[in-house]
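Chain by chain, the residues:
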Amino acid sequence: MKLFTQVRGLPVITAEEAATLGTVRDLTIDARTRCIACLRLSGAPKGAAVIDWDEVEAVGQDAVIVRSRAAAESGSEGAPEHHEAVGSRVLTEYGSEHGTVKDVAFDPVSGRILTLYTALGDIAGERLIGLGSYATVVHAERSPVGFSAR
């Protein structure tokens, strides 16, 4: 498991050429798949500012490794629009507030979103519905079967 805040600022290095492409500025979530779609870099050469998650070979403590400069420069044509996850307001599909996102945990191999850490508690990644400019939207918690609130 990795956190967005642990990955931001890490250098992005190619496996084939051992070249530094830039540093991770942010990660873009595809809410439809509940996975990271791409890395957004700062200090990257033209054409390599967005790297598709499929090009990532490893996310380590000190760097993110991508396959090659050529693969990184192929861009991310189908990447979803970027919206900040960390710091985003959280709402349920019914409009109930659930604080703000403090951090996001993800699987460094698959890129799957595991947990949204919020000011009001943790939210499992599978509850994610959408991520936009106004808020992160999640499914409301379901009551256990047979339980009724009084």
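For the structure, see preceding data.
Draft legend 1. The sheet that holds strand E2 (residues 11-14), seen in detail. Strand order across the open sheet formed by six strands is E5-E4-E3-E2-E7-E6, with mixed pairing between neighbours. With partners counted over all chains shown, the strands left at the sheet margins are strand E5 (50-52) and strand E6 (56-59), one partner each. Pairs of neighbouring strands in the sheet enclose a mean axial angle of 35 degrees, with direction left out of account. When strand E4 (residues 35-42) meets E5, the two strands line up antiparallel, connected through three bridges. Paired with Arg 40 across the two strands is Val 50, which belongs to E5.

Draft legend 2. Structural context of the packing of aromatic side chains. Taken as a whole and judged by the stated rule, the model has two aromatic pairs. Where Phe 4 meets Phe 106, the ring centres are 5.7 Å apart and the plane angle is 75 degrees; that geometry is what we call edge-to-face. Within this pair, whereas Phe 4 is found in helix H1 (residues 4-7), its partner Phe 106 is found in strand E9 (residues 97-106), the two being separated by 102 residues in sequence. Of the two residues, Phe 4 and Phe 106, neither departs from the other in class, the shared state being buried. For the pair Trp 53 and Phe 106, a centre-to-centre distance of 6.0 Å together with 85 degrees between the ring planes defines the contact as edge-to-face.

Draft legend 3. Spotlight on the environment of Leu 128. Relative to the assigned elements, Leu 128 resides in strand E12 (residues 128-131). Here Leu 128 falls in the buried class, since its relative accessible area comes to 2%. Taking the C-alpha atoms as reference, Leu 128 lies 9.4 Å from Thr 33; in sequence the two are 95 residues apart. Beyond its immediate stretch of four places on either side in the chain, Leu 128 contacts Ile 29, Ala 31, Arg 34, Leu 116, Thr 136, Val 137 and Val 138.

Reading the values: rules and limits
Residues numbered from 1 in each chain as written. Predicted model: local features only at pLDDT ≥ 70, side-chain atom pairs only at ≥ 80, totals over all residues. Heavy atoms only, no water. Pairing = 2+ DSSP bridges. Helix = DSSP H or I, 4+ residues; strand = E, 2+ residues; numbered from the N terminus. Axes fitted to C-alpha atoms, helices over the stretch in contact; angles between N-to-C directions. Phe/Tyr/Trp six-rings, centres within 6.5 Å; stacked < 30°, edge-to-face > 60°. Buried < 20%, exposed > 50% of the residue type's maximum accessible area, 1.4 Å probe, protein only. Contact = heavy atoms within 4.5 Å.

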